[in-house]
Amino acid sequence: HFVVDGPVLKLFGRRGKTFKGQFNLMAVTALRPATESAAPMGSFELEVRTSRSHTNTYTLAPDHSHAELFIALGNAVPSHATSDDLWHMHLRSRPVTGAAAHE
């Protein structure tokens, strides 16, 4: 179980009661559809930088809908870390950022 609390993802045990840890969603280097064959439908992979040379990959399965999970994560994860596939699936296009917004 997990909870998106602003820019922090809080992780809990199987029953949702035992706090297991947290990480800053601004440290996410990749958000993409899950590639593991054992992952439930609609799951996402989060790749998180834990140090300069190490990253961890987490698979998150939605409680209700993958669109709802994407919106919760998408509001906290840096947009450049989100895969184009997810942007097109949920919002039909990637948001305009930086210099492209001023053209």
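To start, this report covers the structure provided alongside it. Given the structure is predicted, the values throughout are model-derived calculations rather than measurements.

Overview of the packing of aromatic side chains
Now for step 1: Taken as a whole, this structure holds 2 aromatic pairs when the rule is applied.
Now for step 2: Plain terms: the ring middles of F12 and F19 are 5.7 Å apart, the flat faces sit at 70° to each other, and that makes the pair edge-to-face.
Now for step 3: Between F23 and Y58, the aromatic rings sit 4.9 Å apart at their centres with planes inclined by 20°, giving stacked as the arrangement. Of the two residues, F23 is situated in strand β3 (residues 19–24) and Y58 in strand β6 (residues 55–60); the sequence distance between them amounts to 35 residues.
Now for step 4: Judged by its relative accessible area of 11%, F23 falls in the buried class.

What to know about the sheet that holds strand β5 (residues 44–49)
Now for step 1: The 3 strands are arranged β4-β5-β6 in an open sheet whose pairing can be described as antiparallel. Every other strand in the sheet has two partners, leaving β4 (28–33) and β6 as the edge strands with one partner each. Each adjacent strand pair in this sheet contributes to an overall mean axis angle of 15°, direction not counted.

Conventions used here
- Residues numbered from 1 in each chain as written.
- Predicted model: local features only at pLDDT ≥ 70, side-chain atom pairs only at ≥ 80, totals over all residues.
- Heavy atoms only, no water.
- Phe/Tyr/Trp six-rings, centres within 6.5 Å; stacked < 30°, edge-to-face > 60°.
- Helix = DSSP H or I, 4+ residues; strand = E, 2+ residues; numbered from the N terminus.
- Buried < 20%, exposed > 50% of the residue type's maximum accessible area, 1.4 Å probe, protein only.
- Pairing = 2+ DSSP bridges.
- Axes fitted to C-alpha atoms, helices over the stretch in contact; angles between N-to-C directions.

That's the geometry; what it means functionally is another story.
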